[in-house]
Amino acid sequence: MMTKTTASITAVAGYVPDYVLTNEELVKMVSTDANWIETRTGIKERRILKGEGLGTSDMAVIAIERLLKKRGITALDIDMIIVASVTPDLIFPSTSNIICDKIGATNAWGFDLAAACSGFVFALTTGTQFIETGKCKKVIVVGADKMSSILDYTDRSTCIIFGDGAGAVLLEPTTDGYGVIDSILGVDGSGRAHLHQKAGGSVKPPSHATIDAKEHFVYQEGQAVFKRAVVGMAEVSAEIMEKNNLTSEDVAWLVPHQANKRIIDATAERMGLSSEKVMLNIQKYGNTTAATIPLCLWDYEKQLKKGDNIILSTFGAGFTWGAVYVKWAYNS
Ligand code: UT7
């Protein structure tokens, strides 16, 4: 009998910068209200990467080094590193390249994947394919974003939401039925109108004019995104449960993208899950874009049990969305 090879998550680690930017501090920077931020988003504080010359790769490197240490392996054991980010160190070469160099992963190859808030879920699904086909034995999937590098701290509709951070998982093959079981992913490019960065790409390269017009920052029409996200994340999460015949009792944890507590609550409700089954760290990290989901896994790792059915779920810029069904592979 053939036994299917699946991609098992065998370790998780994360990194958030030390600097804590609280709602109270934001009130001094922009016309906002600490209570408004907390009640409308669930965010109390977020982390910011300070320091000249530090970028997304520096956070990812720390997360990956912690991951390797935990698993008792070295960078030389790694076959592939996929980096989900919309704030790469450079436009090119890829942040994956830079990370491989910094950690000494000389046997690895990799690339960056840009799917904004859905980046980790897209990258996890991509990494899974290389394990399932037998092409790779050890794949690192990292979600990392230095959102503070593209935020306008005079725009209260965006700067209050985002934070910096990195989270990483290690994928390894197993035939025991654990790991990534299924995924549903989607995109709708017409949604780009509501959430994007106007300049810096090939359509509008950087110029004095684009800088003066603040077009290198995140542009978001919050309400339009909220309306789609609140339905979209709930729908895709319910869909993956139905597709895999999972009832709400069968699901141990929802690992939702941390964009807004209200979106997370709506998703949990649609899935029939009580709040104890929902991973939440938006209050302390804000929206770290590609890093939210692996940072949740990192925070909650000790509570996860071997065999737990967990649903990772996301909706973000693009629009992009997705859900992944994972059978957790270990007790820590
Ligand atoms: O992860 C990537 C995908 N992104 C998302 O999923 C984000 C989705 N959107 C959201 O989470 C929410 O739309 C926001 C948190 C961005 C905004 O919350 P909202 O409840 O949609 O606010 P709103 O834009 O509808 O504004 C409501 C009111 C307005 O005042 P008036 O016109 O009712 O008097 C805004 O001017 O709240 C005001 N407002 C603020 N007040 C204090 C907007 N931003 C702020 C602020 N502080 N920071």
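Only a predicted model underlies this, so the values are computations on that prediction, with no experimental measurement involved.

**A look at the site of the ligand**
So, step 1. Neighbouring the ligand are 20 residues, the closest being T32, R156, Q223, N260 and N287.
So, step 2. The contact in question runs from a nitrogen atom of the ligand to an N or O atom on the side chain of Q220, over 3.1 Å.
So, step 3. Here N260 contributes a side-chain N or O atom positioned 2.7 Å from an oxygen atom of the ligand.
So, step 4. When the ligand sits alone it has 950 Å² of accessible area, and the protein chains cover 73% of it.
So, step 5. Every element with two or more residues in the shell around the ligand is listed here: helix 2 (34–41), helix 7 (222–243) and helix 8 (261–271).
So, step 6. Partitioning the shell around the ligand into residue classes produces nine nonpolar, eight polar and three charged.

**Observations concerning the sheet that holds strand 6 (residues 139–146)**
So, step 1. Reading across from one edge, 1-7-6-4-5 is the order of the five strands in this open sheet, with mixed pairing throughout. At either margin of the open sheet sits one strand with a lone partner, and together these are strand 1 (6–15) and strand 5 (109–113). Direction aside, the axes of adjacent strands within the sheet are offset by 20° on average.
So, step 2. Its contacts with the sheet place helix 4 (residues 95–103) against strand 4 (80–84) and strand 5, and it is angled at close to 130° to strand 4.

**Describing the domain arrangement of the protein chain**
So, step 1. The assigned domain composition of the protein chain is domain 1 (6–177) and domain 2 (181–327).
So, step 2. Placing a centre on the C-alpha atoms of domain 1 and another on those of domain 2 gives a separation of 14 Å.
So, step 3. Listed per partner, the contact involves 50 residues of domain 1 and 45 residues of domain 2.
So, step 4. Summing both partners gives a buried area of about 3600 Å² for domain 1 against domain 2, and 64% of it is carried by carbon and sulfur.
So, step 5. Summed over the three residues of domain 1 that lose the most area to domain 2, namely C117, V121 and I150, the buried surface amounts to 16% of that side.
So, step 6. Here domain 1 and domain 2 share two salt bridges between them.
So, step 7. The salt bridge involving D152 is made with K214; its shortest N-O contact spans 3.6 Å.
So, step 8. At the boundary of domain 1 and domain 2, one finds 16 residue pairs in polar contact (both at pLDDT 80 or more).
So, step 9. Every element with two or more residues in the side of domain 1 that touches domain 2 is listed here: strand 1, helix 2, strand 3 (45–48), helix 3 (56–71), helix 5 (119–132), strand 6 and strand 7 (164–174).
So, step 10. Here the element with the most residues in the side of domain 1 that touches domain 2 is strand 7; it accounts for six residues.

**A word on the sheet that holds strand 8 (residues 179–187)**
So, step 1. Ordered in space as 8-13-12-11, the four strands form an open sheet in which the pairing is mixed. The sheet is open, and its two borders are formed by strand 8 and strand 11 (251–256), each paired with just one other strand. Neighbour to neighbour, the strand axes of the sheet diverge by 15° on average, direction disregarded.
So, step 2. Of the strand pairs in this sheet, strand 11 and strand 12 (residues 309–316) are connected by five bridges, and their pairing is parallel.

Calculation rules
Residues numbered from 1 in each chain as written. Predicted model: local features only at pLDDT ≥ 70, side-chain atom pairs only at ≥ 80, totals over all residues. Heavy atoms only, no water. Near = heavy atom within 4 Å. Polar contact = N/O pair within 3.5 Å; in protein donor to acceptor, adjacent residues only side chain to side chain. Areas by Shrake-Rupley, 256 points an atom, 1.4 Å probe, with all protein chains shown as cover. Helix = DSSP H or I, 4+ residues; strand = E, 2+ residues; numbered from the N terminus. Nonpolar A, V, L, I, M, F, W, Y, C, P; charged D, E, K, R; others polar. Pairing = 2+ DSSP bridges. Axes fitted to C-alpha atoms, helices over the stretch in contact; angles between N-to-C directions. Contact = heavy atoms within 4.5 Å. Domains from an automatic or database assignment. Buried area = accessible area lost by both parts, 1.4 Å probe. Salt bridge = Lys/Arg side-chain N within 4 Å of Asp/Glu carboxyl O.

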